Amino acid sequence: MVGPGRPQFVLFGSSVVQQCFNDGGWGAILADLYDRKEAADQPSLVIVYFGGNDSIQPHPSGLGAHVPLPEYVENMKKIALHLKSLSDKTRLIFLTSPPVNEDLIRQHFGNLHDNQARTNESCHIYAEALVDLGKQLDIKVINLCTAIQQREDWTTTCLTDGIHFTAEGSKIVVKEILKILKEAEWEPSLYWMSMPTEFAEDSPYYMVRPDGKTTLNSSKVVSRWKLEWTRNGISSKL
């Protein structure tokens, strides 16, 4: 049986994206929410994250991951314009660099980041530059620096090693992404509760209801672990 055409989401970025499919990660949560709802020739949504590595301080040797701010902005512009050229229906969400816990970074990595430090100051500078670019190009941008730091205990609850997200940090990322998908005036909607479910037709092989005459269409039931993402509280203070 061939199901309906389904949208494809692409997550593109550095280790923050690489680790997003860990247990409780924001990529894993999105994959779970969108089960039976995804695939296509060109992606319907691309979520892009770059900035954390770019924003580290330049190493005296000239080596390392640092990218000067103007070059970073130009690189992100090139990525955005390329992705927008794929299809009129390809939607974009850019994620800025999140804040970092500098003390936790030293605990986990020792002196590895000496002379190429990650600082909250530089993360905010690069984040604001990406927000400004998003306004220029009419692209949705989530300022993770602002979103994560809304939580008072973010330094101890949102980051595993001072850089990458815990499950609690990932939940904040998911809430911000879902807020955009719910509120964006995109046709068709890419919000998971608004999308048709694959193979949603009734079947005599579902569990029988207490009346003994009909079956319960389980494709329309929201799993209990997804319920927190159906609440009206999916909103942002940004």
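Residues numbered from 1 in each chain as written. Predicted model: local features only at pLDDT ≥ 70, side-chain atom pairs only at ≥ 80, totals over all residues. Heavy atoms only, no water.

### Notes on the confidence of the model for the chain
Stage number 1. The pLDDT averaged across the chain works out to 86; a share of 91% of its residues lies at or above 70.
Stage number 2. Looking over the chain, one finds the lowest element-wise mean pLDDT in helix H1 (residues 15-18), namely 85, and the highest in strand S4 (residues 140-142), namely 98. (pLDDT = per-residue confidence, 0-100. Helix = DSSP H or I, 4+ residues; strand = E, 2+ residues; numbered from the N terminus.)

### Quick word on the nonpolar core
Nonpolar side chains tend toward joint burial in soluble globular proteins.
Stage number 1. Formed by 36 residues in total, the largest nonpolar core has its most connected members in Trp 26, Tyr 34, Ile 93, Leu 95, Ile 177, Leu 178 and Leu 181.
Stage number 2. Those residues within four positions of Leu 95 in sequence are excluded, and the remaining contacts are Trp 26, Ile 47, Val 48, Tyr 49, Phe 50, Leu 130, Ile 142, Leu 144, Val 173 and Ile 177.
Stage number 3. Core analysis: the second largest hydrophobic core is formed by 15 residues, Val 46, Leu 83, Leu 92 and Phe 94 among them. (Core = buried A, V, L, I, M, F, W, Y, C linked by side-chain atoms within 4.5 Å. Buried < 20%, exposed > 50% of the residue type's maximum accessible area, 1.4 Å probe, protein only. Contact = heavy atoms within 4.5 Å.)

### Regarding the pattern of salt bridges
Stage number 1. Per the counting criterion, the structure on display carries four salt bridges.
Stage number 2. Among the salt bridges present, the one from Lys 179 reaches Glu 183, with a minimum N-O distance of 3.0 Å. Separated by four residues within a single helix, Lys 179 and Glu 183 lie in helix H8 (residues 167-183), roughly one turn from each other.
Stage number 3. The partly exposed category is assigned to Glu 183, whose relative accessible area is 49%. (Salt bridge = Lys/Arg side-chain N within 4 Å of Asp/Glu carboxyl O.)

### Details of the packing of aromatic side chains
Stage number 1. Summed over all chains, the structure comprises two aromatic pairs.
Stage number 2. Taking the centre distance of 5.1 Å and the plane angle of 80° together, the rings of Phe 12 and Phe 50 count as edge-to-face. With a gap of 38 residues between them, Phe 12 in strand S1 (residues 9-13) and Phe 50 in the loop between strand S2 (45-49) and helix H3 (69-86) connect regions that are remote in the sequence.
Stage number 3. Judged by centre distance (5.2 Å) and plane angle (50°), the rings of Tyr 72 and Tyr 126 are tilted. Of the two residues, Tyr 72 is situated in helix H3 and Tyr 126 in helix H5 (residues 120-137); the sequence distance between them amounts to 54 residues.
Stage number 4. Taking relative accessible area as the criterion, Tyr 72 reaches 1% and is therefore assigned buried. (Phe/Tyr/Trp six-rings, centres within 6.5 Å; stacked < 30°, edge-to-face > 60°.)

### Quick look at H5
The α-helix winds at 3.6 residues per turn, so residues separated by three or four positions along the chain end up facing the same way.
Stage number 1. The end-to-end C-alpha distance of H5 is 26 Å, a good match for the 26 Å that 18 residues give at a rise of 1.5 Å each.
Stage number 2. For H5, every residue scored as buried is listed here: Asn 120, Ser 122, Cys 123, Tyr 126, Ala 127, Ala 129, Leu 130, Val 131, Leu 133, Gly 134 and Leu 137.
Stage number 3. Backbone geometry just after H5 places Asp 138 at a positive phi near 60°. (Expected span 1.5 Å × (residues − 1).)

### So, the packing of H3 against H5
To describe two helices that pack against each other, one gives the angle between their axes and the distance between the axes.
Stage number 1. H5 packs onto H3 with a crossing angle of 40° between their chain directions and a minimal axis gap of 10 Å. What the angle tells us is that H3 and H5 run oblique. Crossing angle aside, the handedness with which H3 passes H5 is right-handed. In this structure, H3 uses Leu 69, Tyr 72, Val 73, Met 76, Lys 77, Ala 80, Leu 81 and Lys 84 to contact H5, whose residues at the interface are Ile 125, Tyr 126, Ala 129, Leu 130, Leu 133 and Leu 137.
Stage number 2. For the contact of H3 with H5, the per-class residue count stands at twelve nonpolar, no polar and two charged. (Axes fitted to C-alpha atoms, helices over the stretch in contact; angles between N-to-C directions. Parallel < 35°, antiparallel > 145°, perpendicular 65-115°, else oblique. Left-handed = near helix turned anticlockwise from the far one by under 90°. Nonpolar A, V, L, I, M, F, W, Y, C, P; charged D, E, K, R; others polar.)

### With respect to the side chain of Asp 54
Stage number 1. With respect to the helices and strands, the residue Asp 54 is situated in the loop between S2 and H3.
Stage number 2. Here Asp 54 occupies a buried position and makes no salt bridge, while the nearest side chain of opposite charge, Arg 118, is found at 8.0 Å.
Stage number 3. Those residues in contact with Asp 54 that lie beyond four places of it in its chain are Ala 65, His 66, Val 67, Tyr 72 and Tyr 126. (Lys, Arg positive; Asp, Glu negative; His and termini not counted.)

### Here's the deal with the pairing of strand S3 (residues 91-95)
On a regular strand, one side chain projects to one face of the sheet and the next to the other, so that they alternate.
Stage number 1. Most of S3 sits inside the fold, with five of its five residues counted as buried.
Stage number 2. Residues Arg 91, Ile 93 and Leu 95 of S3 are buried on one face, and the alternating residues Leu 92 and Phe 94, pointing to the opposite face, are buried as well.
Stage number 3. Of the pairings in the sheet, the one linking S2 to S3 comprises five bridges and is parallel in character. Counterpart to Val 46 in the pairing with S3 is Leu 92.
Stage number 4. In this fold, the crossover linking S2 to S3 by way of H3 has right-handed handedness. (Pairing = 2+ DSSP bridges. Right-handed = clockwise from strand over helix to strand, strands pointing away.)

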